[in-house]
Amino acid sequence: MVEVSQKFKDLSRENGRHVYCRIEAGDEVFLDDRLLEFTFDDVTHPDWFTLGTTCANRFHFKARFSGELEVGAEVRPYISFDNEEWCPLGIFYISRRYVRGDTISITSYDKMYNLDIEYRYDGILPVTSDVLLADVCAKHGIEPLDLGYGHKVEKLPALCTARDMIGYIAGINRCCAKIDRYGRLVFKECGNVDFDEMDYISLNNCIDVQRNMTKSVVTALTAETDDGILYAGSGAEISTIQIYNPLMTQEILDGIRALMKNFSFYGADIVMQGQPHLESGESIRIYGGGTYFQVMISEIEYHYNGALTATLYSRNKTYVDAVAHMDDLEEMLKSLKLSNSVFTMKSENEELITLDTNPKIIADFTFETGEDGFAELHLNTSITLSDANRIIFEIYVNGTDSGRNLIHCPDTRECPMTELYHLAQKLKKGENRLYVTARTNINGAYILPKAMSANLVVHGCSSGTGDMRDKLAFHDNIGMVTLKPLDVRFNEITYTYTAEQ
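Residues numbered from 1 in each chain as written. Predicted model: local features only at pLDDT ≥ 70, side-chain atom pairs only at ≥ 80, totals over all residues. Heavy atoms only, no water.

## Observations regarding the overall build of the chain
What counts, and what does not: In DSSP terms, a helix is any run of H or I states spanning at least four residues, a strand is any run of E spanning at least two, and both are numbered starting from the N terminus. In what follows, residue pairs with any heavy atoms lying within 4.5 Å of each other are defined as contacts. Using a 1.4 Å probe, the Shrake-Rupley method yields the accessible areas, and only the shown protein chains count as cover for residues.
The secondary structure content of the chain amounts to five helices and 39 strands. Pairs at least 24 residues apart make up 73% of the contacts formed inside the chain by residues separated by at least 6 positions. Surface summary for the chain: the accessible area is close to 22400 Å², and the carbon and sulfur share equals 47%.

Written out as structure tokens, the structure reads:
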């Protein structure tokens, strides 16, 4: 886990928390006023629980920016819940970037991504594995946090990459290798962990479970080497870890099996409230009903678009079974009220939208909420002007004008980007409809195909609790504003409030 204070952990578990984001990319700093969304994929076991993996982590974000960011530029994202303590998500390097209007889309990866390069050891054999790892890191500019135990290596594979070699060395150390949140190479130990030292997820932070859950127990390991297959322990295929590792010996494999004997965990796909200090490659407890259940964080994918959610994958081998069976943990998770869900709906225009002085619906959402549900709307669009010099956006909730309108007064005809944000509160329990209309003051304007994107984040709360997940006040989401009675201005955008009767 990332080392953060207990206060940070407590705030991350609160349902009414405020999420702050900061992304340092090259010489630019993106805060919430320009950040549209991000996805961070932290993965250790892409297929199922095993040893010796070397997965690259990926960070993708979109923000309002029309400048230049070079390929290879460094990206450092952070999350905070009090705007004081910041949890790092990692150090990444831009692989691809795309600019459309004043919106930039960036895809970046950590250092593991570029290690598929042939590796050759120039020293004399035999050698120890810690010396090998130090050599790999020195040749590729990597800072290792730990070199692992120095196992004796008699011979090396004829051909392998730097990434392969890191994985082989991690495997004989009973670990998986990854780049941590500070840009260092670390080993994540796989096996039995002191249960009392594990962090935990409360059931109040779980939203949904997405697949059948079973308990896995490791009873055996097999390792394919260049000289044959090694075996340690016995058991069915479902309880056997199978790897390829040319550095493995029978003695090492027997030692790993002794340390991992009867290691067990639950498989799960859990949608949850995002807690950014949780990392893949570690065990964690789910607590509920007075019972703890251990899961392995094989992968955790964070998503921010006004709320911070995550999907945690604990990947174990399972028998193919057409009938779903529930065990205690799945029954417990299924008992959660799905009104606690946070889900996202997206709308894009596939065809040209022609605007005139009559209101036209440009985004339309129908959804259901539980008690005390609310929704956040984020709409971005580029407007191509004709003779119009003003675009009026209006938001309707359940057929009623919300009273919060946006008047866009662009000073250019070069498809300026418009952003609209609206927080819909006091939604009725059950089905709700939210839609946005647009019209001009005179003559026409156009929204070109694919030039409008609307995202609706719908939050629901347990009946009677009043808890709200990642709920943000309206003024916290529009950056710097000037407040006046019944009037809020943000550059060329005017928000007009109508008092409720």
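## Some details on unusual backbone geometry
Convention followed: Each residue gets one of three labels from its accessible area relative to the maximum for its type: buried under 20%, exposed over 50%, partly exposed in between, using a 1.4 Å probe on protein chains only.
For the peptide bond that leads from Leu-125 to Pro-126, omega is 0°, which places it in the cis range. Tracing the backbone shows Pro-126 in the loop between strand 8 (103-109) and strand 9 (127-128). With phi around 65°, Asn-83 is a residue other than glycine that occupies positive phi space. Assignment of secondary structure puts Asn-83 in the loop between strand 5 (74-80) and strand 6 (86-88). For Asn-83, a relative accessible area of 44% corresponds to the partly exposed category.

## A few points about the nonpolar core
Applied cut-off: Within this scheme, the nonpolar core is defined by two criteria: the residues are buried Ala, Val, Leu, Ile, Met, Phe, Trp, Tyr or Cys, and they are joined through side-chain atoms within 4.5 Å.
Of all hydrophobic cores here, the largest spans 46 residues; its most connected members are Phe-38, Phe-59 and Phe-61. Discounting chain neighbours no more than four positions away, the residues touching Phe-61 are Ile-23, Ala-25, Phe-30, Leu-35, Glu-37, Phe-38, Val-75, Ile-104, Ser-105 and Ile-106. Phe-49, Cys-160, Val-218 and Leu-230 belong to the second largest nonpolar core, which has 44 residues in total.

## Side note on the pairing of strand 34 (residues 430-440)
Selection rule: We treat two strands as partners when DSSP finds at least two bridges between them.
With nine bridges joining them, strand 28 (residues 360-369) and strand 34 adopt antiparallel strand pairing. Bridging across to strand 34, Thr-369 finds its partner in Gly-430. In this structure, strand 31 (residues 391-397) lies alongside strand 34, joined through seven bridges in antiparallel fashion. Paired with Tyr-396 across the strands is Tyr-435, a residue of strand 34.

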